[in-house]
Amino acid sequence: MNPAPPVPARQVRGSLTSTLERAPKVLVVDDDLLTLRLLEIILVQAGCEVYSLADPLQVREKFEKGEIGPFDCATIDYSMPGCNGIELMRALNAVDPCMGAILLTAVDERHLVRDSFREGAVDFIAKPVRNQELLETIRKALERTRARRKRLETQLSLKDASRASHVFRNFGVPELESRLATAYVPRDEIGGDFLDVFRRANDDIVCVLGDVAGHDLRSALLSAFFSGFLEGLIRQEADVHAILRAFNHRLNLATPTEGILGAPDSVAAGVMTLDASEQSVEIITCGFPPPMVTFADGRIEEPETANAPLGWFSDAEIEGTRISLDGASCLLAFTDGLQDFAAERNIEIGAVAYQILAHEQNPELLAEIVRDSSDDILATRLQLQSAEKAGHRVHPLMKLTLPGTDESRIDEIESTIQRSLELAFGSFQRLPEVSLCCRETILNALRHGCAGDSGRFATVEVTFCEVQSRLRVRIEDDGPGHDFDLEARKEHLETCDEHFDDPGRHLGLVLLERTSDYCELQRKGATVIFDFFLGQDELNPFPGAIDPRG
Amino acid sequence: MDLGHTISSHDQVLTLLFPDRITSTTVSEVRESVQKFLDSRAVREAEPTVLTFDFRSTQAIDSLGLNLIFELVKWSDARAMKRKALVRQRSVHMVLLNVRLDKKMELVFEPGPAVGSAG
């Protein structure tokens, strides 16, 4: 069958032109040439610019190649050879999801096309076509197309605005670029997470992470307002505590009569001020997860003080914690989206952060790694000492605080450690050895150091130094340590088979000494530090999406 | 826990099958299973000369698991038995080497995926 030649475009004002400011462009597809001509005449008279073809496969090919279209609406016959109306509509909507479509059916075909509503058709019309019904249905389709296009345009502009607002704003601190890694995965087109970095006149560096409640334009505007407020006052050399107090006051003024739950505006923020000499960092958190600061000896410190989110209490004091640094100190800060994501999957925050920061330049991969997150995710790692001062940057992977009664949970704890390390590095060959050493040392700390007491605690800190490929585990309890000479014992264990004669004595220590690459006992064994050096080829493989399990 | 230990009357080999984990949380059950088997009439009557530790399903052994193995080394020493261990996991092999068990038994290390977990 020969395709009907396109009807030349004609500008004719009619009832349908009021829907758009120009003549609507309508695609008509029908293998019945008589119907095709009839539709052309009706639509042209109604002021439409019509493109008509009798061969659905040809329409599909031309549309997919961009040789025809875009159209404001399509009128498609259901029953056509080679490609029925629903199939054609699906193909056209794959290219232009906003375009409304109308299916023309014989009366007895209606049940066949009911599903087309789910495919995006506006309506269907039974043949023989009546003028008024056709024009009314087309008017609806045009309106729907226009509404969809408008919505898409708004979404795209929101996305652009959001992208622009979340670009790392390294105001006047370009030299930080090599020391700063930031990964941001928004859940929606727009949200309230942000990161700003400023340098003061005295060379102090102020790093601000913020998280405004909500994922809408309102939260984005408040986020931008807060960001501008901060920048203006920091440039005026105002004290950070005073700035936060002032903003808190401002938020409370905005909603003076509403309680906490009713207050629409609240901001969670973490403000880290690194002094110019890079000897210490002050951390202020307001309803914000505690950032982690690492040290060369494997410690991970978190700020001791925490403040309520800004906007909750009008008279809130703002307190911070100052932490002294060593040559390897790194700061990891993140919004609660990462915290929730890790908790839901029973993995440690630092390990997730390590993996996403390794892929900070690849937004698609980042989005895949934290697929199904219920919130925006923002994480940033700042090397706290400049290159000439810094030894080896140390990334925090996990910090666990375990009560002395947790021995019964040892399998679960070991599994969390394994899963977290697997996430950070992939399934590396020495993982079972690391896992075994962690298990042995944790059991020793819970049993002997904490004596199984719920009021005593063991901490497990795991860090990774990329330059050395060194995985460092530090396990500490608040017990008195061993009552025997550890050094003499270690020397003795190297040379004898004591455990064959006396099973159970210090086997954990033997395993630790001989399995790890470096092992150090402090405070009579109440603090145990051990290292594993991982092969470079084992680092940063893409782990795939992190499934919710655990 | 029935781990499926065997004894061969033909060549006097006693084979103990171990599960995927021999750790603080599983060792009592494993010990009970082994003890029951060693106390059985079949073992007493067979007078085995070789003890085989089948660790081919085993993925993790901790210090409490090792204690059980040491006890079995002593048990077999008392009966002048030879010992042999079958291992597939590198990490398990490393643990056995690290506590010098290679001096106490023939370690047969054939790397590969763990066979179906016993028990």
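Just so it is clear, the structure is predicted and the values come from calculations on it, not from any experiment.

Trainee: Which parts of the structure should I look at to understand the overall build of chain A?
Mentor: The helix and strand tally for chain A stands at 15 helices and 21 strands. Taking all 550 residues of chain A together, 54% fall into the buried category. Surface accessibility of chain A: about 23,600 Å² in total, with carbon and sulfur atoms responsible for 50%.

Trainee: For this particular structure, what's the right way to read the pairing of strand E14 (residues 321-324) of chain A?
Mentor: Residues and elements named next belong to chain A. What you see with E14 is a clean split: Thr321 and Ile323 sit on the buried side and Arg322 and Ser324 on the side with no burial. Summarising the sheet, strand E11 (residues 280-286) and E14 pair through 4 bridges and their orientation is antiparallel. If you follow Ile283 over to E14, its bridge partner there is Thr321.

Trainee: How do you make sense of the environment of Gly4 of chain B when you look at a structure like this?
Mentor: On the secondary structure map, Gly4 of chain B appears in the segment before strand E1 (6-8). It is 8.9 Å that separates the C-alpha atoms of Gly4 of chain B and Phe18 of chain B, two residues lying 14 residues apart in sequence.

Trainee: Before we go on, may I ask you to explain the packing of aromatic side chains in this structure?
Mentor: Residue and element names in this part refer to chain A. Within this structure, the stated rule accounts for 16 aromatic pairs over all chains. With centroids separated by 4.3 Å and ring planes inclined at 40°, the aromatic side chains of Phe226 and Phe247 adopt a geometry described as tilted. One end of the pair, Phe226, is in helix H6 (residues 217-235); the other, Phe247, is in helix H7 (residues 240-254), with 21 residues separating them in the sequence. In this structure, Phe226 and Phe247 share a single accessibility class: buried.

Trainee: Would you take a moment to explain the pattern of salt bridges for this structure?
Mentor: Considering all chains together, one arrives at 43 salt bridges over all chains under this definition. Asp478 of chain A is the salt-bridge partner of Arg456 of chain A, the closest N and O atoms lying 3.6 Å from each other. Taken together, the residues span a long stretch of sequence, with Arg456 of chain A in the loop between helix H12 (431-449) and strand E18 (457-465) and Asp478 of chain A in the loop between strand E19 (470-477) and helix H13 (486-495) at a distance of 22 residues. What makes Asp478 of chain A partly exposed here is its relative accessible area of 42%. Notably, a salt bridge pairs Asp54 of chain B with Arg56 of chain B, separated by 2.9 Å at the nearest N-O pair. One salt-bridge network, in which partners are shared between bridges, spans Asp297, Arg299, Glu301, Lys399, Glu461, Arg474, Glu476 and Arg523 of chain A.

Trainee: So what exactly am I meant to see when it comes to the sheet that holds strand E17 (residues 394-403) of chain A here?
Mentor: Within a beta sheet, neighbouring strands are joined by backbone hydrogen bonds and run either parallel or antiparallel to one another. All names here are of chain A. The antiparallel open sheet is built from 5 strands, whose spatial order is E17-E18-E19-E21-E20. Each edge of the open sheet carries a strand with a single partner, namely E17 and strand E20 (518-522). Averaged over all pairs of adjacent strands, the angle between strand axes in this sheet comes to 10°, irrespective of strand direction. Both E19 and strand E21 (residues 527-533) contribute to a ladder of 7 bridges, which runs antiparallel. Its bridge partner being in E21, Ile475 is matched across the sheet by Val528. Along the sheet face, helix H11 (residues 410-425) touches E17, E18 and E19 and points at about 170° away from the line of E17. Contacting E17, E18, E19 and E21, H12 crosses the sheet at an angle of about 10° to E19.

Trainee: Whenever I open this one, the side chain of Thr75 of chain A confuses me. Can you help?
Mentor: Residues and elements named next belong to chain A. Relative to the helices and strands, Thr75 is located in strand E3 (residues 73-77). By relative accessible area, which is 0% here, Thr75 ends up buried. For Thr75, the residues in contact, after removing those within four places along its chain, are Val26, Leu27, Val28, Val29, Leu39, Ile102, Leu104 and Ile138.

Trainee: I keep staring at the interface of chain A and chain B and nothing clicks. Help me out?
Mentor: Listed as interface residues are 25 residues of chain A and, on the opposing side, 21 residues of chain B. Applying the counting rule to chain A against chain B returns 4 salt bridges. The partner of Arg90 of chain B in a salt bridge is Glu433 of chain A, with the nearest N and O atoms 2.5 Å apart. Here chain A is connected to chain B by 10 residue pairs in polar contact (both at pLDDT 80 or more). Listing elements by their share of the side of chain A that touches chain B, those giving two or more residues are H11, H12, helix H14 (498-501) and helix H15 (507-515) of chain A. The element that contributes the greatest number of residues to the side of chain A that touches chain B is H12 of chain A, accounting for 7 residues. When its residues are assigned to classes, the side of chain A that touches chain B shows 9 nonpolar, 5 polar and 11 charged.

Trainee: Sorry, what's going on with unusual backbone geometry here?
Mentor: Negative phi is the rule for most residues except glycine; trans is the rule for most peptide bonds. Here the amide bond leading from Gly69 of chain A into Pro70 of chain A is cis, since omega sits at 0°, within 30 degrees of zero. You can see Pro70 of chain A is positioned in the loop between helix H2 (56-65) and E3. Following Lys127 of chain A, the chain continues to Pro128 of chain A via a peptide bond in cis, the omega torsion being 0°. For Pro128 of chain A, the location among the structural elements is in the loop between strand E5 (121-126) and helix H5 (131-166). For Glu237 of chain A, which is not a glycine, the phi torsion comes out positive at approximately 65°. Mapped onto the fold, Glu237 of chain A is located in the loop between H6 and H7. Looking at Glu237 of chain A, the relative accessible area reads 40%, which means it is partly exposed. Positioned with a positive phi, Arg100 of chain B is a non-glycine residue whose angle comes to about 65°. Among the secondary structure elements, Arg100 of chain B is positioned in the loop between helix H4 (90-98) and strand E7 (106-109). Take Arg100 of chain B: its relative accessible area is 22%, and that puts it in the partly exposed class.

Trainee: Before we go on, may I ask you to explain the packing of H2 of chain A against helix H3 (residues 85-95) of chain A in this structure?
Mentor: For any two helices packed against each other, one specifies the crossing angle of their axes together with the interaxial distance. All names here are of chain A. Across the interface, H2 lies against H3 with an axial gap of 10 Å and an inter-helix angle of 5°. For the element pair H2 / H3, the angle class is roughly parallel. Between H2, through Pro56, Val59, Arg60, Phe63 and Glu64, and H3, the contact on the second element is made entirely by Leu88, Ala91, Leu92 and Val95.

Trainee: What exactly am I supposed to notice about H12 of chain A here?
Mentor: Given 3.6 residues per turn, any residue in an α-helix points the same way as the ones three and four places further on. All names here are of chain A. Over its 19 residues, H12 runs 25 Å from end to end, which matches the ideal 27 Å to within 8%, given 1.5 Å per residue. The element H12 is largely enclosed, with a buried count of 15 among its 19 residues. Two residues or fewer after H12 comes Ala451, characterised by a positive phi angle close to 50°.

Trainee: Sorry, what's going on with the nonpolar core here?
Mentor: Taken as a class, soluble globular proteins show a tendency for nonpolar side chains to be buried jointly. One finds Ile356, Leu421, Phe425, Ile442, Leu471 and Phe530 of chain A to be the most contacted residues of the largest nonpolar core, which totals 60 residues. Per-element tally for this core: the top contributor is H12 of chain A, with 8 residues. Formed by 36 residues, the second largest nonpolar core is a distinct cluster that contains Leu3, Phe18, Ile69 and Trp75 of chain B.

Trainee: How should I be thinking about the confidence of the model for chain A in this particular structure?
Mentor: Where the model shows low pLDDT, its predicted coordinates should not be examined in detail. All names here are of chain A. Residues at a pLDDT of 70 or more form 79% of chain A, whose mean pLDDT is 82. Here residues 6-14 is a poorly scored stretch, pLDDT under 50, and it has 21 contacts once near neighbours within four places are set aside; other chains count. Across residues 259-263, where pLDDT falls below 50, the model places 4 contacts with residues more than four positions away in sequence or in other chains.

Trainee: Any chance you could explain the packing of helix H8 (residues 336-344) of chain A against helix H9 (residues 349-358) of chain A here in plain terms?
Mentor: All names here are of chain A. The interhelical angle for the contact between H8 and H9, taken along N-to-C directions, is 115°, at an axis separation of 9 Å. Judged on the interaxial angle alone, H9 and H8 are roughly perpendicular. At the point where H8 passes H9, the crossing takes the right-handed sense. Packed against H8, whose contacting residues are Leu338, Gln339, Phe341 and Ala342, the element H9 presents Ile349, Val352, Ala353 and Ile356 at the interface. Taken together, the residues of the contact of H8 with H9 sort by class into 7 nonpolar, 1 polar and no charged.

Reading the values: rules and limits
- Residues numbered from 1 in each chain as written.
- Chains lettered and ligands numbered in written order.
- Predicted model: local features only at pLDDT ≥ 70, side-chain atom pairs only at ≥ 80, totals over all residues.
- Heavy atoms only, no water.
- Helix = DSSP H or I, 4+ residues; strand = E, 2+ residues; numbered from the N terminus.
- Buried < 20%, exposed > 50% of the residue type's maximum accessible area, 1.4 Å probe, protein only.
- Areas by Shrake-Rupley, 256 points an atom, 1.4 Å probe, with all protein chains shown as cover.
- Pairing = 2+ DSSP bridges.
- Phe/Tyr/Trp six-rings, centres within 6.5 Å; stacked < 30°, edge-to-face > 60°.
- Salt bridge = Lys/Arg side-chain N within 4 Å of Asp/Glu carboxyl O.
- Axes fitted to C-alpha atoms, helices over the stretch in contact; angles between N-to-C directions.
- Contact = heavy atoms within 4.5 Å.
- Polar contact = N/O pair within 3.5 Å; in protein donor to acceptor, adjacent residues only side chain to side chain.
- Nonpolar A, V, L, I, M, F, W, Y, C, P; charged D, E, K, R; others polar.
- Parallel < 35°, antiparallel > 145°, perpendicular 65-115°, else oblique.
- Expected span 1.5 Å × (residues − 1).
- Core = buried A, V, L, I, M, F, W, Y, C linked by side-chain atoms within 4.5 Å.
- pLDDT = per-residue confidence, 0-100.
- Left-handed = near helix turned anticlockwise from the far one by under 90°.

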